[in-house]
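Results of the structural survey
Okay, here's what each chain looks like letter by letter:
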Amino acid sequence: MKIFSGTSNKSLAEKLAEDLGLKLSDLEIFVFPDGEKRITILDKVLDEDTVVVESTSNPADENYMQLFFIVDALKRSGAKSVTAIIPYLGYQRQDHVFRPGEAVSLEVIVKTLESTGVARIITLDLHSVKIPELFHLPIKHLSAIPLFAEKIKEEKWNDKKTVLVSPDMGGIRRIKLLSEQLNGMPYISIEKNRDLSTGEVAASKINGEVLSRAIIVDDMISSGKTISVAADILRKHGVEEISVFATHPVFSDDASKILQESKTEKIYTTDTILIPGEKRFPKLEILSVSKMLAESIKSA
Ligand code: R5P
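These remarks concern the structure in this document. (Residues numbered from 1 in each chain as written. Predicted model: local features only at pLDDT ≥ 70, side-chain atom pairs only at ≥ 80, totals over all residues. Heavy atoms only, no water.)

1. Some points on the side chain of Asp95
For clarity, the threshold we go by: Under the DSSP-based scheme used, a helix requires at least four consecutive residues in state H or I and a strand at least two consecutive residues in state E, with every element numbered from the N terminus. Summary of the burial criterion: residues with accessible area below 20% of their type's maximum are buried, those above 50% are exposed, and those between are partly exposed, where the area comes from a 1.4 Å probe applied to protein chains only. This count recognises Lys and Arg as positive and Asp and Glu as negative, with His and chain-terminal groups excluded. Only one rule defines a salt bridge in this text: a Lys or Arg side-chain nitrogen within 4 Å of an Asp or Glu carboxyl oxygen. The definition of a polar contact used here is a pair of N or O atoms within 3.5 Å, where within protein one atom must be able to donate a hydrogen and the other to accept one, and adjacent residues in sequence count solely through side-chain atom pairs. What makes two residues a contact is simply this: any of their non-hydrogen atoms within 4.5 Å.
Counting through the fold element by element, Asp95 comes out in the loop between strand E5 (81-86) and helix H3 (105-115). Buried and unpaired, Asp95 has Arg93 as its nearest opposite-charge partner, separated by 9.0 Å. A distance of 3.0 Å separates the side chain of Asp95 from the side chain of His96, its partner in a polar contact. Excluding residues within four positions of it along the chain, Asp95 makes contact with Val104, Leu106, Ser128 and Ile131.

Laid out in structure tokens, this is it:
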């Protein structure tokens with residue numbers, strides 16, 4: 001098997017290769033003066049099973065194009081199969097029409113990915129469990145929830161003082177799964193409203209009983225407003241200690257500042273998206289999904 005990486009998350013690709021006892025294989029990405037790219041596979045892949053790692057995070061369009069070209073180059077070079085590991089699947093929040101006139105961008109992405117000849121996809125914590133149904137090829141949908149459960153146990157937060165919190169109604173399935181892995185830890189949810197045109201977030205109500213420690217769990221953090229608003233309402237209801245576990249650190253605009261200044265003690269995310277140095281902050285801790293991906297490849 002040969003593993004290749006695009007430019008979006010090379011450090012995760014390197015860790016993954018190491019966990020599989022391999023080294024990253026070589027490819028060249030030449031950028032023309034007008035920004036167009038030429039991808040060349042430099043390793044021999046004839047009749048080989050190949051894997052390409054690319055997180056389609058910001059800049060999503062650029063990273064998707066790079067992924068499409070790498071898959072195409074591998075297929076043309078004779079690879080027996082190409083598995084695309086897309087730790088964070090960009091455009092997943094545009095999986096249906098929210099307001100008349102909108103494109104279903106994720107559907108366009110799915111059709112394009114399928115047309116490149118990729119054999120299967122491995123991804124993590126999709127925004128909706130229905131997304132895999134849009135694909136006509138095998139898609140392995142992994143979750144960072146077991147990693148979070150492990151960390152919570154390590155921190156000894158699996159006690160009677162702790163409640164799991166979904167910061168919106170859409171996250172209840174996720175929180176139930178985590179609760180199951182923590183011997184039925186209680187969970188509550190927050191009623192959140194987002195203004196679709198301004199992006200502003202407000203929390204109106206908590207469903208359930210708060211305890212002195214709260215663990216907020218989400219699939220991704222983008223602007224950081226959901227977490228900040230959730231922490232505010234939890235504190236108002238008497239919670240003394242708040243930690244956050246979110247799989248994808250999208251961290252757009254000044255999310256890092258919002259998160260550092262939020263009424264939380266600790267923010268855990270994973271390395272599905274590479275967080276540049278300037279976006280890291282003291283409260284942040286990054287857990288790696290590399291071993292989970294390696295297991296998934298080995299068991300395929
Ligand atoms: C929403 O449904 C998601 O699960 C996240 O809560 C949301 O994408 C977070 O976005 P932000 O950080 O911009 O509030």
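2. Quick look at the sheet that holds strand E4 (residues 49-53)
Test applied: Should DSSP find at least two bridges between two strands, the strands are regarded as paired. Interaxial angles span 0 to 180 degrees and are taken between N-to-C directions of axes, which are lines fitted to C-alpha atoms, for helices over the stretch in contact.
Read across the open sheet, the five strands follow the order E1-E4-E5-E6-E7; overall the sheet is parallel. The two strands at the open ends of the sheet, each matched to only one other strand, are strand E1 (2-5) and strand E7 (139-142). On average, each strand axis in the sheet is tilted by 20 degrees relative to the strand beside it, whichever way the strands run. Inspection of the sheet shows strand E6 (residues 120-124) paired to E7 by four bridges, in the parallel sense. The residue of E7 that forms the bridge with Ile121 is Ile139. Most of the contacts of helix H1 (residues 10-19) go to E1, to which it runs at about 165 degrees, and overall it touches E1, E4 and E5.

3. Here we look at the sheet that holds strand E11 (residues 213-221)
Pairing is mixed across the open sheet formed by seven strands, whose spatial order is E10-E9-E8-E11-E12-E13-E14. Single-partner strands in this sheet number two, and they are strand E10 (201-207) and strand E14 (284-287). Each neighbouring strand pair of the sheet contributes to a mean axis angle of 25 degrees, computed without reference to strand direction. As defined by bridge partners, strand E8 (residues 162-166) adjoins strand E9 (residues 187-194) across three bridges and the pair is classed as parallel. Paired with Leu164 across the two strands is Tyr187, which belongs to E9. The strands that helix H5 (residues 172-181) touches are E8, E9 and E11; relative to E8, the one it contacts most, it runs at about 155 degrees. Each of E8, E9, E10, E11, strand E12 (241-249) and strand E13 (266-270) touches helix H6 (residues 225-236); the most contacted strand, E10, lies at about 45 degrees to it.

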